[in-house]
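# Structural overview for review
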Amino acid sequence: MTAVAPRGFTFDRNDGRPVLPGNLHTNRLLSHWLDFSQPGRLRLFTGKVELGQGILTALSIIAADELDLNLDQVHIVSASTLEGPDEGMTSSSISVQDSGSAIRHACAEVRFLALEQAAQHHGVAIENLRVVQGRFIDARGLELGTYWDWLQSTNLNREYEGLAKPKPIADLKLHGHGKVRRIDLFEKIMGQPRFIQDLRLPSMLHGRVLRAPSVTAQLVNPDQPVPSDLFDNGAGSFTQLVVDGRFIGVLAATEREAEVALSQLQKRVAWHETASLPDMHNLADFLRTAPHETTNTLQKGQLLEVGNEGVSLSRDYFKPYIAHASIGLCCALAQWDGHTLQVWTHSQGIQNLRDDLTKALGLDKQAIVMRHVEGAGCYGHNGADDVAFDAALLAMNQRDHPVRVVWSRADELSQAPLGSAHLVSLRARLNEQGQISHWHHELWANGYSSRPGRSLVPTLLGASQRAQGQPMPLAINPPLAAGGGADRNAIPGYSFENTHVVNHRLTVMPIRTSAMRALGAFANVFAIESFMDELAHASGQEPLQFRKQHIQDPRSLAVLNAVVDRSKWWSQPKEEGIGHGMAWARYKNTSAWCAVLARVQAGETLRVLQLDVAVDLGRVVDLDGVMNQTEGGALQGMSWALKETVQFDRTRITTQSWADYPILRFSEMPELNIHVLDHPDQPSLGAGESVQGPVAAALGNALFDALGVRVRRLPLSQDHILQALNAAN
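Now for a description of the structure that goes with this document. The structure presented is a predicted model; accordingly, all values stated were derived computationally and were not measured. (Residues numbered from 1 in each chain as written. Predicted model: local features only at pLDDT ≥ 70, side-chain atom pairs only at ≥ 80, totals over all residues. Heavy atoms only, no water.)

### Description of the nonpolar core
- Counting residues in each nonpolar core, the largest one holds 109 residues, and the members touching the most others are Ile436, Trp439, Leu535, Met638 and Leu699.
- When sequence neighbours within four positions are dropped, the list of residues in contact with Leu535 reads Leu313, Ala428, Leu430, Ile436, Trp439 and Phe546.
- Counting residues in hydrophobic clusters, the runner-up holds 44 residues, among them Leu69, Ala102, Leu129 and Val621. (Core = buried A, V, L, I, M, F, W, Y, C linked by side-chain atoms within 4.5 Å. Buried < 20%, exposed > 50% of the residue type's maximum accessible area, 1.4 Å probe, protein only. Contact = heavy atoms within 4.5 Å.)

So this is what it looks like as structure tokens:
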């Protein structure tokens, strides 16, 4: 087996080759992106995957506009290891800027190559040709062939050379109009098969895996963990039992038989557990005192010393562990024929997952074929990679039969990686002019990434539970150049003369953590924007003006002004118990700008009445997609902020069902208004992760405005509101 090196968080663009746009740099052949072999149809390849964020539609718009095709002439092929580019992970809201940029430039070059051939053949100037639905028209209105005619003799297995510039903005007909039909929605709306959960293959078997109830749980009888008489009592005609260390799986001909067999296993397999988890009720103290490594994310100017003049304030903010809690359960299919392992997965990174399967299963990389199939939501590192390993290992024990594995709801909530608990301690001093002179941000959290492919050791749950499996490595943080992890958005978007940011990454991981949408930005923005409100009130200043006097970036000011100016209720008088709050951030300090206004009704519980959100993500490709992503992100941030927290005792995660993990309901939906600031002359930025942090902070600030008490511990639940009221009284 060829050794597989760990992948980085970004592709290396300093490799000695000329730097090409986006992911063209690492996928330099035009054939990686485009195929015109089918008459009248463009096959467009991408290494990015559809997660419900509408990326396939956005990338299709880019290609159709650049090539002057109708959208229905573009057939986009999502991530597969058989064809198309290797673009690593679909994450961090960079698909449009990296994959989209590559597609835009590849299409521009292919358009030029085809037009050049047509012009030379007919003896006309290339500038006298135009393209309509893939057909080439000369100045007289005569058709001179199509892409499919002129590219027959052109080998696209050639490197991009930069022969033509992409179209000017004014010539893009589909961009930014919001009138393009999402290419992935019809089957979903009509209830037709599209998700991986719908996929069925001939002669398929059904697999289930008995999970250890906790990370450190050990089998009471490791030599014979499964009693020999277990399935002699009518549990069903199971096909095979697979036992490898603490990995215990069952294969059956039907899904019901697999479930019955799993139920029998749960009753009869005995585990020994130890109290290895921290006290959930003192989790902030655990984070602060647990072993950790410290890095200085930013050191600018003087440290904040105690005892100087001016207003000084110090506050702590806390975010608990949160779960992905996707409505659709994680699912995968795999098939092994003795030579090739095929895997159907809704992983966000099929190339990374293949790297870890190679390490875990002892196969050559080329012996594994990965195909992405859409799943019903995730937005981070959920159990999709783990369930793919489950299916693969079971399939390799039942040759030639496809094996389908689905996790249970309990597995989803207690076995998949979680978003890390996160403690932020903020200190600041204001000078005599009421401006912040010193700012100190200190945070404690586990790392925010344990995705496959980025470690010498596989990060797959089932692989770690095999007899010869290695413990999963600690979660790590992406470097700040890739957006950061726990310290994502810890550097405030304000201009302070003296700013220090310190990141304490825990070097113990009692609960498995990894990427959750927005990573550390959710906790850090909640803390920063809550603290800015507290500083404004402590110094007798109006929160909006207080923020604006510390902002130098014109687009940051513009997004704040836009959300206030466009809101229909912000300046209206408030009734008793009604509160208004605001917050903003620029995601990763390099991506989209977002500002949020919240109107709430507060009592023992918090009800969100209205949310106004303004976003600036440069050039808008698919307006409807931007609106959908922003709406979805706002509601997800609202659910996290109001409700979500993973429960556990000293031995195991006790969150097992929706009763243990409430999420936002349809009846709790606020009036939601999205205001998009389009900048067609600026690069496109991602839409999906800019809004969660500002929503949480705006809600916390609105709660304070309504009740006069500050809740600094998420979620903003009834218990935490009552605790704050009791403390204030």
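### What about empty space enclosed by the protein?
- For the structure on display, the rule yields four cavities of 30 Å³ or more.
- Along the walls of the largest cavity sit Asn489, Ile491, Pro492, Gly493, Tyr494, Val525, Ile528, Glu529, Trp584, Ala585, Arg586 and Asn589, which together make up its complete lining.
- When contributions to the lining of the largest cavity are tallied by element, the ones reaching two or more residues are α11 (521-538) and β21 (578-586).
- Grouping the amino acids of the lining of the largest cavity by side-chain chemistry returns seven nonpolar, three polar and two charged. (1 Å grid on protein atoms, 1.4 Å probe; cavity = no way out; pocket = protein on both sides within 12 Å on 5 of 7 lines; lining within 4 Å. Points joined across faces, edges and corners; volume = space filled by probe spheres on them. Helix = DSSP H or I, 4+ residues; strand = E, 2+ residues; numbered from the N terminus. Nonpolar A, V, L, I, M, F, W, Y, C, P; charged D, E, K, R; others polar.)

### With respect to the sheet that holds strand β18 (residues 422-430)
- Ordered by their spatial adjacency, five strands build an open sheet running β12-β20-β19-β18-β13, and the pairing between neighbours is mixed. Among the strands making up the open sheet, the edge pair consists of β12 (292-300) and β13 (311-319). Pairwise comparison of adjacent strand axes, ignoring direction, gives a mean angle of 10 degrees for this sheet.
- The strands touched by α11 within the sheet are β13, β18 and β19 (436-445), with β13 carrying the most contacts at an inclination of about 150 degrees. (Pairing = 2+ DSSP bridges. Axes fitted to C-alpha atoms, helices over the stretch in contact; angles between N-to-C directions.)

### Comments concerning the sheet that holds strand β4 (residues 130-132)
- Across the sheet, three strands lie side by side as β4-β5-β6; this open sheet has antiparallel pairing. Looking at the sheet topology across the chains shown, the edges are occupied by β4 and β6 (143-146). On average, adjacent strands in this sheet sit at an angle of 30 degrees to one another, irrespective of strand direction.

### Examining a nonpolar patch on the surface
- Judged by side-chain polarity, Phe186, Ile189 and Met190 come together as a nonpolar surface patch covering roughly 350 Å² of accessible area.
- Along the polypeptide, Phe186 turns up in helix α4 (residues 185-190).
- Given a relative accessible area of 46%, Phe186 falls into the partly exposed group. (Patch = residues over 30% accessible without salt bridge, like charges linked within 9 Å, V, L, I, M, F, W, Y side chains within 5 Å. Areas by Shrake-Rupley, 256 points an atom, 1.4 Å probe, with all protein chains shown as cover. Salt bridge = Lys/Arg side-chain N within 4 Å of Asp/Glu carboxyl O.)

### Description of the environment of Leu606
- Position of Leu606 relative to the elements: it lies in strand β23 (residues 606-616).
- The buried category is assigned to Leu606, whose relative accessible area is 12%.
- On a C-alpha basis, the gap between Leu606 and Leu716 in space is 7.5 Å, while along the polypeptide they are 110 residues apart.

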